[in-house]
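Summary of structural features
Single-letter residue listing:
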Amino acid sequence: TGQAGLTRNLSTAEIVEPDQVTELLRGSADEYRPWLRYIVESNSAWVAFARGDRESTLRHLAAWEAMLTGDGERYAHTIEFVGLDGFVDLAAVRTFLCVLTGDFVGANATLTRAERRIEKTGPDRRVMNTCYVNSVKFWVQLERGDIRGAARFAQDVHELAASHGIDTIRLSGATQRAAS
């Protein structure tokens, strides 16, 4: 996807000032494209993490979280076009924060709470939300060094998406399986 390409290119490029790129992209967001700011912050968090820049990672996670809570809640609808609910993405942000601080127990607890909320969503949203949470679980297991656990979640994502004909997520699950 474009998001994956942006993350890969920014994390591997020799960019002297990645914050300049982020600011340039933030400037592209306007009232007609509020989703762009969401994508910029979430991708910038991952890029900063991949580059080992803890300070920038925390700054982008805070901005990403602000879009999903409080005054920033107006941005929460920007992720719903892909079938995700804001609470699931907020759980991903908070899980990311837990992993960043080495709190894997907190990360798992956050994802467990999200799974309980997913059970209460309608069937039309349950599949995408579950795939997303399992993708985050995949990443948490990789960060813990549990390759077998990561492979299990990758398989779950692949199978659930395939059984519902969601090709982009199915392919993501296949990629995760290959990575684990």
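Residues numbered from 1 in each chain as written. Predicted model: local features only at pLDDT ≥ 70, side-chain atom pairs only at ≥ 80, totals over all residues. Heavy atoms only, no water.

For the protein chain, the count of helices and strands is 10 helices and 0 strands. Secondary structure of the protein chain in N-to-C order comes out as α-α-α-α-α-α-α-α-α-α. Per-residue burial over the protein chain gives 42% buried out of 180 residues. Long-range contacts, defined as pairs at least 24 residues apart, comprise 57% of the intrachain contacts of the protein chain with a sequence gap of at least 6. (Helix = DSSP H or I, 4+ residues; strand = E, 2+ residues; numbered from the N terminus. Buried < 20%, exposed > 50% of the residue type's maximum accessible area, 1.4 Å probe, protein only. Contact = heavy atoms within 4.5 Å.)

This part takes up the packing of helix 4 (residues 54-68) against helix 6 (residues 86-100). Between helix 4 and helix 6, the shortest axis-to-axis distance is 10 Å and the interhelical angle comes to 160°. Relative to helix 6, the element helix 4 is oriented roughly antiparallel. In the packing of helix 4 onto helix 6, the handedness of the crossing is left-handed. On helix 6, the residues that touch Arg-54, Thr-57, Leu-58, Leu-61, Trp-64, Glu-65 and Leu-68 of helix 4 are Gly-86, Asp-89, Leu-90, Val-93, Arg-94, Phe-96, Leu-97 and Leu-100. Split by residue class, the contact of helix 4 with helix 6 holds 9 nonpolar, 2 polar and 4 charged. (Axes fitted to C-alpha atoms, helices over the stretch in contact; angles between N-to-C directions. Parallel < 35°, antiparallel > 145°, perpendicular 65-115°, else oblique. Left-handed = near helix turned anticlockwise from the far one by under 90°. Nonpolar A, V, L, I, M, F, W, Y, C, P; charged D, E, K, R; others polar.)

Distances and angles like these do not, on their own, reveal function.
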